[in-house]
Structure formats: structure tokens, C-alpha cells
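# Inside the fold
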Amino acid sequence: MAAKKQVAGRSRVTIADVANDLGVTKSTVSRALNGYPDIAEATRLRISRAAERLGYRPLAHAQAIRTGRVRSLGLVLQIDADDGARPFLANFIAGVTQAASEENWTITIATAESEKGVRETLSRLVDEHKADGFILPRTLLRDRRVETLRAQNVPFIMFGRTENPTGCAWYDIKGEDAMRAATARLISLGHTRIAHVPGGQEYTYSKLRIEGYRAGLDAAGLDFDPDLVGAPALTGRDGDASVRALLSLAEPPTAFTFAVDRAALGAYRTAQDLGLRIGEDISIIAYDGLPEGAYADPGLTTFAVNSRQAGERLARLLIKRIRGTAPEDLRELAPATLVERGSDRPPRLSSAELALRLKTHSLI
């Protein structure tokens, strides 16, 4: 191996060392490690692994000057939202960090207290060269973060989808398929009056999950009834209110699908107040896989998302986007996983019987 340069009294592995070890040119090593698109993926991986094995570490400031990149992925979180501190966040960030670290990239994380603040922070991080591209979680139908980065020609990837896909890369979970499956499962158990409680109307996932709910009804030959779509809910309190309103219908639903677990957990309070038993008098299937669902009584049947895996995949796709891969080639969808518990069972009461039960309870 070629002699290593001495830096601060210790040896430092250079690009020449890596090139000599593999029998390739210094230029090939440099272009591979800096993500140039003319280097085949197999070659890039072979060189990257050799660099890791030999202990090569690029000089960050020199690399930034040479490539215009700081090898950092950006993530700006809005912390004032009702669900801004969701439990998935720790696993999600761990996944992003792990994948970035394996590529010798870092993560720049910032927070803001409003949607406008998020956009301002994104622009500031771009101006200060703190990140080469951004992960955008919880996308909106019309997402102004996307518009901001698209206008500045800054690479980004969405954890979700948006109404205008132009120039967008994404990794998303097929929530629409989960809601279709949830509806079909409730129908197979014998329910015919099935309600849906959506998430925030501005979120793309909410629209997609309503579409999945409708597709499940349609596949079973059941008519869609707009009265069975409850008020949007992201919190337990809002979920409670939405379910109470649905149960006040002349023909109340005997089963519910929820766009998010937190809203579904609010229905447990509703059931307790109205003298109903979840899994017996009414059934529930939700989406997210929050840990709290396992400790509800009965446990909440839900479609779970592997947040750590999502974070890892988003980081890898964003690095590819920064290196020049077209956004149209970086669009991936993954399934959610059904977690069966006790909140969904065959109906013990018909809709008419449930209405009578609720009327009797209100008179006591």
C-alpha cells in the first residue's frame, strides 16, 4: 500500500491508498465517493466499502469546496402541530441517521413553530449551505415546502405524496390499501354500516385513506354514504367527538375505520361514556401502529408502519436525488402491516339495535 500522509502526528488514509488497494484510478475513487452519476452503482459500492475498510475519511471542507456539497441531509419539523411529538419520530430519526451514517453523511435537524416558520427555516438552511437536500414528512395536498424547494432547485424527498407530483421524489406507505383492507375485513366479519373518521383534510394521506375506505365498500357492493364519514380527527378528543356524532345518527354505524390511531383511541372514551364495549358493541380498525394501542382494553387492531425502515429508505433515496437521479425514478410505495388485536369482532348488535341501546342509555 502507498505510504499514508501524516496529519497531526498520525497516518491518514488517502484517495491514493484506496485507488491502489482496488487497482483503479484516483479519479474513479473520487468520483465514486462523491456520487457522480457516470460511476456504476456496483463500482460505487465496491469503492465505498473499500474506503470504509481502510478507514478513509474525506476532509469535509475540501470536499465541500470541490463538490459544492456539505454531505448533510436536512429535516425541519413543525413542533406546534397537535401530533408534532408523535412517538414514531424517534424511530424515524434513528433510521435516517443510520442510513446517512453508512454513507458518511450527517443530519441537520431544525424545528419551527408554524408552517411559515418551516419554510423560512428551509430557506435559511439552504442559504447557509447547512444541507444538500431535505426530507419532507407529513406532506400536504398543496405543500408549500415543496413549492419553496422546487423554486430554489433544491433536492428533496417526501415521506408521503402531494397533489402536484412534478419534480417530486417520494417514499410512502400505501395507506389507501390499508383502509381498503380494513373495510373489507369489517365487512367479512358481518358489518354493513361502517363509518370512517379521516385525518386532517389538508394532508394527502387523509384523502388517500378515504379513497381506500370507499374502494373497500365498492368492492363489497355496499353504497358509500357521506353521512358515515365523520369529522376529521387527529387527537383523542377530536376522535371522541367525531364518534359521538356518528353514533347519534338514526342508523348508527356498528364499525369504524380511523385514518390515525390517536383519534381511534378517543373512541374508547366514547364507548365507556355510552355504556358500549369495543369489540362487542362496536368495532374499530385504525392506522399507525402506535404503542398505546397495545395497552387499550381491548387492544386496538391497526395497520402499523415501520418508521425506522421508512427513515432509512428516505435517507438513501435523498442521497441518490442529491447525486443527480431524476425524481421520477425515486418513487417507492411500501405496505403497512396489519396488527390484529381485540377491537374488531363480528357485530353483536344490528344498527337498529345499537340505536335503541344508545337511546335507552341516554334516558337512564
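Residues numbered from 1 in each chain as written. Predicted model: local features only at pLDDT ≥ 70, side-chain atom pairs only at ≥ 80, totals over all residues. Heavy atoms only, no water.

### So, the packing of aromatic side chains
- Within the structure shown, the criterion is met by 5 aromatic pairs.
- Measuring from ring centre to ring centre gives 5.5 Å for Phe-92 and Phe-159, while their planes differ by 5°; the resulting arrangement is stacked. Here the residue Phe-92 occupies a position in helix 5 (residues 88-102), and Phe-159 occupies one in strand 6 (residues 156-159), the gap between them amounting to 67 residues. Just as Phe-92 is buried, Phe-159 falls in that class too.
- Taken together, a centroid distance of 5.3 Å and an interplanar angle of 25° make the contact between Tyr-203 and Tyr-205 stacked. (Phe/Tyr/Trp six-rings, centres within 6.5 Å; stacked < 30°, edge-to-face > 60°. Helix = DSSP H or I, 4+ residues; strand = E, 2+ residues; numbered from the N terminus. Buried < 20%, exposed > 50% of the residue type's maximum accessible area, 1.4 Å probe, protein only.)

### Side note on the pattern of salt bridges
- A full pass over the atoms with the stated rule returns 27 salt bridges.
- Between Arg-142 and Glu-147 there is a salt bridge whose closest N-O contact spans 2.9 Å.
- The class of Arg-142 is exposed, set by a relative accessible area of 58%.
- A single salt-bridge network, built from bridges that share partners, covers Glu-41, Arg-44, Glu-103 and Arg-323. (Salt bridge = Lys/Arg side-chain N within 4 Å of Asp/Glu carboxyl O.)

### Observations concerning the side chain of Ser-206
- Relative to the helices and strands, Ser-206 is located in helix 9 (residues 204-219).
- At 3.1 Å, the side chain of Ser-206 forms a polar contact with the backbone nitrogen of Gly-199.
- Every residue in contact with Ser-206, bar those within four places of it in the chain, is listed here: Pro-198, Gly-199 and Gly-200. (Polar contact = N/O pair within 3.5 Å; in protein donor to acceptor, adjacent residues only side chain to side chain. Contact = heavy atoms within 4.5 Å.)

### A word on the sheet that holds strand 10 (residues 283-288)
- An order of 8-9-10-11-13 is seen for the 5 strands of this open sheet, with the pairing classed as mixed. Both outer strands of the open sheet, strand 8 (194-197) and strand 13 (337-339), are each paired with one neighbouring strand and no more. Between one strand axis and the next, the sheet turns through 20° on average, direction left out of account.
- Sheet topology places strand 11 (residues 301-304) next to strand 13; 3 bridges connect them, and they run antiparallel. Counterpart to Thr-302 in the pairing with strand 13 is Val-339.
- Relative to strand 10, helix 8 (residues 175-189) is tilted by about 165°, and along the sheet it contacts strand 8, strand 9 (255-258), strand 10, strand 11 and strand 13.
- The sheet strands contacting helix 9 are strand 8, strand 9 and strand 10, and the helix crosses strand 8 at an angle near 175°. (Pairing = 2+ DSSP bridges. Axes fitted to C-alpha atoms, helices over the stretch in contact; angles between N-to-C directions.)

### Description of unusual backbone geometry
- Following Asp-297, the chain continues into Pro-298 via a peptide bond in cis, with omega recorded as -5°.
- Relative to the elements of secondary structure, Pro-298 occurs in the loop between strand 10 and strand 11.
- Unusually for a residue other than glycine, Arg-71 sits at a positive phi of about 55°.
- Looking at the secondary structure, you find Arg-71 in the loop between helix 4 (60-67) and strand 3 (72-78).
- Residue Arg-71 is classed as buried on the basis of its relative accessible area of 11%.
- Even without glycine at this site, Asp-288 takes up a positive phi of about 145°.
- With respect to the secondary-structure elements, Asp-288 resides in strand 10.
- Relative accessible area serves as the criterion here: at 11%, Asp-288 is assigned to the buried category.

### Examining the sheet that holds strand 3
- Taken in spatial order, the 6 strands make up an open sheet running 4-3-5-6-7-12, and their pairing is parallel. With one partner strand each, in any of the chains shown, strand 4 (106-112) and strand 12 (331-334) form the two edges of the open sheet. Ignoring which end each strand starts from, the neighbouring axes of this sheet average 15° apart.
- In the sheet, strand 7 (residues 170-173) pairs with strand 12 via 4 bridges, with the strands oriented parallel. Across the sheet, the residue bridging to Trp-170 is Arg-331, located in strand 12.

### Regarding the packing of helix 10 (residues 236-247) against helix 11 (residues 261-274)
- Relative orientation of the contacting elements helix 10 and helix 11 amounts to 55°, with a least axis distance of 6 Å. As judged from the angle between their axes, helix 10 and helix 11 are oblique. Crossing hand, helix 10 versus helix 11: right-handed. Each of Gly-236, Arg-237, Gly-239, Asp-240, Val-243, Arg-244 and Leu-247 in helix 10 lies in contact with helix 11, whose residues at this interface are Arg-262, Ala-263, Gly-266, Ala-267, Arg-269, Thr-270, Asp-273 and Leu-274. (Parallel < 35°, antiparallel > 145°, perpendicular 65-115°, else oblique. Left-handed = near helix turned anticlockwise from the far one by under 90°.)

### Things to note about the nonpolar core
- In terms of nonpolar packing, the biggest core is built from 68 residues, with Phe-92, Leu-247, Phe-256 and Phe-258 touching the most fellow members.
- With 7 residues, helix 12 (residues 307-322) is the single largest residue contributor to this core.
- Ignoring anything within four residues of it in the chain, the contact list for Leu-247 reads Pro-252, Pro-253, Phe-256, Thr-270, Leu-274, Leu-276, Ile-282, Leu-354 and Leu-358.
- Within the second largest apolar cluster, 17 residues are counted, among which are Val-118, Val-126, Phe-134 and Val-154. (Core = buried A, V, L, I, M, F, W, Y, C linked by side-chain atoms within 4.5 Å.)

### Quick word on helix 12
- Between its terminal C-alpha atoms helix 12 stretches 22 Å, which fits the 22 Å expected from 16 residues at 1.5 Å a residue.
- Along helix 12, the positions that sit buried rather than exposed are Ser-307, Ala-310, Gly-311, Leu-314, Ala-315, Leu-317, Leu-318, Ile-319, Arg-321 and Ile-322.
- Each element contacted by the buried residues of helix 12 is listed here: strand 3, helix 5, strand 5 (133-137), strand 6, strand 7 and strand 12.
- Note on helix 12: the residue one or two positions beyond its end, Gly-324, has a positive phi of about 115°. (Expected span 1.5 Å × (residues − 1).)

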